[in-house]
Amino acid sequence: MSTLRTAALVGNPNAGKSALFNALTGARQKIANYPGVTVERKSGRMVLPSGEPVELVDLPGSYSLDPSSPDEEVTRRVVMGEFEGEATPDLFVIVVDAANLEQHLVFAQELIGLGKSTIIALNMVDLAERDGLVIDPAALSDALGVPVVPTVAVRKRGLEPLAEAMEGAGSQDMSARHQVARLTLPERRLSARNIAKGAIITESAAHQLHAKLDKVLLHPWLGPVILFGLLFVIFQAVFAWADPFIGLIEGGIEAAIGFVEATMAEGFVRDLITQGLLTGVGSVVVFLPQIVILFAFILAMEQSGYMARAAFIMDRLMAYVGLSGRSFIPLLSSFACAIPGIMATRSIADPKDRLTTILIAPLMTCSARLPVYAVIIGAFIPATTVGPGIGLQGLVLFGLYLFGIVGAMLAALVLRRTVTKGEASGFIMEMPRYQWPPLRDLAIGLWQRAWVFLRRAGTIIFMATVVLWLLLSFPKAEPGESQVDASFAGQIADGLHVVMEPIGFNREISLALVPAMAAREVAVSALATTYAVDADDEDAQAEGLIPRLQAGWSLPTALAFLAWFVFAPQCLSTIAVARRETNGWKWPLVMVGYLFGLAYIFAGITYWTATALGL
Ligand SMILES: Nc1nc2c(ncn2[C@@H]2O[C@H](COP(=O)(O)OP(=O)(O)OP(=O)(O)O)[C@@H](O)[C@H]2O)c(=O)[nH]1
Ligand SMILES: [Mg+2]
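Residues numbered from 1 in each chain as written. Chains lettered and ligands numbered in written order. Predicted model: local features only at pLDDT ≥ 70, side-chain atom pairs only at ≥ 80, totals over all residues. Heavy atoms only, no water.

As recorded by an unreviewed UniProt entry, the protein carries the name Ferrous iron transport protein B and is attributed to Alteraurantiacibacter aquimixticola.

Engineer: So what exactly am I meant to see when it comes to the overall build of the protein here?
Structural biologist: Looking only at helices and strands, the protein features 28 helices and 10 strands. On C-alpha atoms alone, the protein measures out to a radius of gyration of 27 Å, which is about the 25 Å that the 2.2 N^0.38 rule sets for 615 residues. Reported as C-alpha extents along the three principal axes, the dimensions of the protein are approximately 90 × 55 × 50 Å. In the protein, which comprises 615 residues, the proportion classed as buried is 54%. Residue pairs in contact within the protein that sit at least 24 positions apart in sequence constitute 74% of those at least 6 positions apart. A total of about 26,100 Å² of accessible surface is found on the protein, and carbon and sulfur atoms cover 64% of it. Here the protein contributes 45 positive and 54 negative side-chain charges, whose respective centroids are spaced 8 Å apart. (Helix = DSSP H or I, 4+ residues; strand = E, 2+ residues; numbered from the N terminus. Rg over C-alpha atoms; globule rule 2.2 N^0.38 Å. Buried < 20%, exposed > 50% of the residue type's maximum accessible area, 1.4 Å probe, protein only. Contact = heavy atoms within 4.5 Å. Areas by Shrake-Rupley, 256 points an atom, 1.4 Å probe, with all protein chains shown as cover. Lys, Arg positive; Asp, Glu negative; His and termini not counted. Charge placed at Lys NZ, Arg CZ, Asp CG, Glu CD.)

Engineer: What should I look at first to understand the site of ligand 1 in this one?
Structural biologist: Contacts to ligand 1 come from 26 residues, most closely from K17, A19, G36, V37 and T38. Between ligand 1 and G61, the relevant distance is 3.0 Å, taken from an oxygen atom to a main-chain nitrogen or oxygen of the residue. Between N123 and ligand 1, the recorded distance is 3.0 Å, taken from a side-chain N or O atom to an oxygen atom. Burial of ligand 1 by the surrounding chains reaches 100%, relative to a free accessible area of 660 Å². Its atoms largely coinciding with the cavity grid, ligand 1 occupies the largest cavity. Broken down by secondary-structure element, the contributors of at least two residues to the shell around ligand 1 are α1 (17–25) and α4 (125–130). Broken down by element, the shell around ligand 1 gets its largest block of residues, three residues, from α1. Along the lines of polarity and charge, the residues of the shell around ligand 1 split into 13 nonpolar, 10 polar and three charged. (Near = heavy atom within 4 Å. Polar contact = N/O pair within 3.5 Å; in protein donor to acceptor, adjacent residues only side chain to side chain. 1 Å grid on protein atoms, 1.4 Å probe; cavity = no way out; pocket = protein on both sides within 12 Å on 5 of 7 lines; lining within 4 Å. Sits in = over half its atoms within 2 Å of the grid points. Nonpolar A, V, L, I, M, F, W, Y, C, P; charged D, E, K, R; others polar.)

Engineer: Is there a simple way to think about the UniProt feature "domain: FeoB-type G" (unreviewed entry) in the protein in this case?
Structural biologist: In the numbering used here, UniProt assigns the "domain: FeoB-type G" (unreviewed entry) feature to residues 4–172. Helix makes up 33% of residues 4–172 and strand 21%. Its end C-alpha atoms lie 13 Å apart. (UniProt positions renumbered as here; feature names shortened; annotations may be inferred.)

Engineer: What exactly am I supposed to notice about unusual backbone geometry here?
Structural biologist: If a residue is not glycine, its phi is most likely negative; likewise, a peptide bond is most likely trans. For the peptide bond that leads from F474 to P475, omega is -15°, which places it in the cis range. With respect to the helices and strands, P475 occurs in the loop between α19 (439–473) and α20 (483–486). Phi is positive for M124, which is not a glycine, with a value near 60°. Checked against the element boundaries, M124 lands in the loop between β5 (118–123) and α4.

Engineer: Is there a simple way to think about the packing of helix α10 (residues 243–263) against helix α11 (residues 268–285) in this case?
Structural biologist: To describe two helices that pack against each other, one gives the angle between their axes and the distance between the axes. Contact pair α10 / α11: the axes reach a minimum separation of 10 Å and the direction vectors enclose 180°. Classified by the angle between their axes, α10 and α11 sit roughly antiparallel to one another. For the pair formed by α10 and α11, the contact residues are I249, I253, A256, I257, V260 and E261 on the first element and R270, I273, T274, L278, T279, G282 and V285 on the second. Looking at side-chain class alone, the contact of α10 with α11 contains eight nonpolar, three polar and two charged residues. (Axes fitted to C-alpha atoms, helices over the stretch in contact; angles between N-to-C directions. Parallel < 35°, antiparallel > 145°, perpendicular 65-115°, else oblique.)

Engineer: Would you take a moment to explain the coordination of the magnesium ion (ligand 2) for this structure?
Structural biologist: The magnesium ion (ligand 2) binds to the protein through S18 (OG) and T38 (OG1); the donor distances cover 1.8 to 2.0 Å. Taken together, the positions of S18 in helix α1 and T38 in the loop between α1 and β2 (42–47) put the pair 20 residues apart, joining distant regions of the chain. When sorted by exposure, S18 lands in the same class as T38, which is buried. (Donors = N, O, S within 2.8 Å, 3.2 Å for Na, K, Ca; no water.)

Engineer: What's the story with the domain arrangement of the protein in this structure? I'm lost.
Structural biologist: When the parts of a complex come together, some accessible area is lost, and that lost area is often used as the size of the interface. When cut into domains, the protein gives domain 1 (6–203), domain 2 (221–367 + 405–420 + 437–458) and domain 3 (463–613). Spacing between the C-alpha centres of domain 1 and domain 3 amounts to 51 Å. (Domains from an automatic or database assignment.)

Engineer: How do you make sense of the packing of aromatic side chains when you look at a structure like this?
Structural biologist: Given two aromatic rings, one states the distance between the centres and the angle between the planes to describe the pair. Taken as a whole and judged by the stated rule, the model has 18 aromatic pairs. Taking the centre distance of 5.9 Å and the plane angle of 85° together, the rings of F403 and F602 count as edge-to-face. Of this pair, F403 sits in helix α18 (residues 392–417) while F602 sits in helix α28 (residues 586–612), and the two are 199 residues apart along the sequence. Look at F602 and you get partly exposed, because its relative accessible area is 28%. Aromatic pair W553 and F561: ring centres 5.2 Å apart, planes at 75°, arrangement edge-to-face. Accessibility classification places W553 together with F561 in one group, the buried group. Each member of the aromatic cluster is reached from another via a ring pair, and the members are F380, F505, W553, F561, W564, F565 and F596. The lysine or arginine in question, K476, covers the ring of F474, its NZ or CZ lying 5.2 Å from the ring centre. (Phe/Tyr/Trp six-rings, centres within 6.5 Å; stacked < 30°, edge-to-face > 60°. Lys NZ or Arg CZ within 6 Å of the ring centre and 35° of its normal.)

Engineer: How should the nonpolar core be read in this particular structure?
Structural biologist: One broad trend across soluble globular proteins is that nonpolar side chains are buried collectively. Counting 120 residues, the largest nonpolar core has F505, W553, F561 and W564 as its most contacted members. Shared between two domains, this core holds at least three residues of each, these being domain 2 (221–367 + 405–420 + 437–458) and domain 3 (463–613). Within the second largest apolar cluster, 35 residues are counted, among which are A8, V78, I94 and L122. (Core = buried A, V, L, I, M, F, W, Y, C linked by side-chain atoms within 4.5 Å.)

Engineer: Looking at this model, I keep getting lost on the UniProt feature "transmembrane region" (unreviewed entry) in the protein. Mind explaining?
Structural biologist: Residues annotated by UniProt as "transmembrane region" (unreviewed entry) correspond here to residues 221–242, 277–299, 370–390, 396–415, 453–472, 558–577 and 589–610. Helix and strand shares over residues 221–242 are 86% and 0% respectively, and the end C-alpha atoms of the span are 32 Å apart. A helix fraction of 100% and a strand fraction of 0% characterise residues 396–415, whose end C-alpha atoms lie 28 Å from each other.

Engineer: How should helix α2 (residues 70–79) be read in this particular structure?
Structural biologist: For the α-helix, the turn length of 3.6 residues means that residues three or four positions removed from each other point alike. Those residues of α2 that sit buried are D71, E72, V74, T75, V78 and V79. Buried positions in α2, seen along its axis, are confined to an arc of 150° and lie on one side of it. Those residues of α2 that are buried are in contact with β1 (6–10), β4 (91–97) and α3 (101–112). Positive backbone phi, at 75°, marks G81, one or two positions downstream of α2. (Arc of directions from axis to C-beta.)

Structure representation (structure tokens):
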């Protein structure tokens, strides 16, 4: 009978702990090919061959039990049994990367030296084999005094032997371990080298191709050019490839509106469905294809090992503004959403580096801005080409992303010289090996992103849109009066408009910005709903958002609106996460203040300049 209740996956970053966790528990933790992906303790349930359930804990990667960053602190506390409300795990499953054995054995020995039940998952043996490394698990097990099980987490290989070893780990013979207990760090390094040497049977020079790839991709000027070119292609693709799919979704929504209008009696519920749900929420959902395309690229870059190279390339650039390549990964995650981005800063050791990264993370263009940008670009930027294969719309989108990045870098520069003053810290990150992104993982990752987007559309965006629709629909207008003028929302908009008029925002925009605090995409659904309510007959209603924007907005207004969204912190969840991660209101308030300030100033400058140029 096993008494195993909890087991923890521990080891160096990027060893495949989360991949193993997913394989063993059926969970879907994020995995990616760079160190520092997991920053929190996550637990799940796995079933041993005997049928007994075990709580399995996935931990952030760590190099030692001497934490140097907040995520490593979590690992230390769980391993040492200092984590509140939780006993020390009954069993450690140390995950080591077979192709990086020597390096990973340094921490592994420290863990083994704790004298707890321990087994080793010798993970990534497929990559080791590909590199021409053959490792003898028995020799490794003899040297370390703990069972060693070869695994390939992403192929679900070796899981059964691993589970069996976990089950049998209760009756471990600790006497075999005396040799590794209580070694100092230099001693552990030396013994790691010897143990690795003794366990590796053959080694060939298959590293060559990767070394060549790195020569090109990390080249001092070729590297940045390739990175820049790649990003350029991505934004072209977002517009060029999405069109047919967007057309399909639009057609579907139009058909649904037609169907509802043909089958339902006129009245409150029908208007709510056509104006609020289908027109409002539908105007956001049409951007799903663009989001999927963007993430297909991001996930492929993450999984292939290229992203860590990009961080390395960016390190030099980031040093100019007082940050290090460490901030790159959190900032990059912020392209999906600032919330995981801000969480990912837990892997940054230096507190001031970390704070600066949190404060600038919202300037990275999150996917919630994509619908906002896309709708305005679709309406005001002609779909012409400005060179062979270079579309103007994609170029403008690329420009907006760059604008955000440059804004973030400048903000970092100022912050590092003022409120978060301090020395820039160095950057060390091990480069993961290149590999083809596993298609299955890509598909799962994409599906998760799409699902996050659709769930937002179905919940927060839907709710905010419906509330706005209600405020727009009541009180009812007198004959001859416009419904929007008469409504509560119209009155709120009149008040806000006073503040926003100087930067070229009309009443509809001023109104849309309020519910868009819940989520940026709501700006789009709010505009769609406002115009749908405002339309005096069904023909006008069926017109769609883009023609209405074209008819109602000047180009300077549209450009100012884009500039606003580059900066404005229109997201309550981000503010809440910043509060949690900085333990107080001070920094989130600084963040909100400076971002709204920048948004107002830059929208204004854009508007006045565009007007002066006669656009
Ligand atoms: N080929 C191969 N790739 C693997 C294997 N296990 C994990 N990977 C890949 O290695 C990368 C890192 O995996 P993760 O599970 O995120 O690593 P982790 O140990 O949780 O990393 P941190 O959370 O940063 O500590 C991902 O790209 C995985 O797809 C394996 O056995 N074989
Ligand atoms: Mg992980």
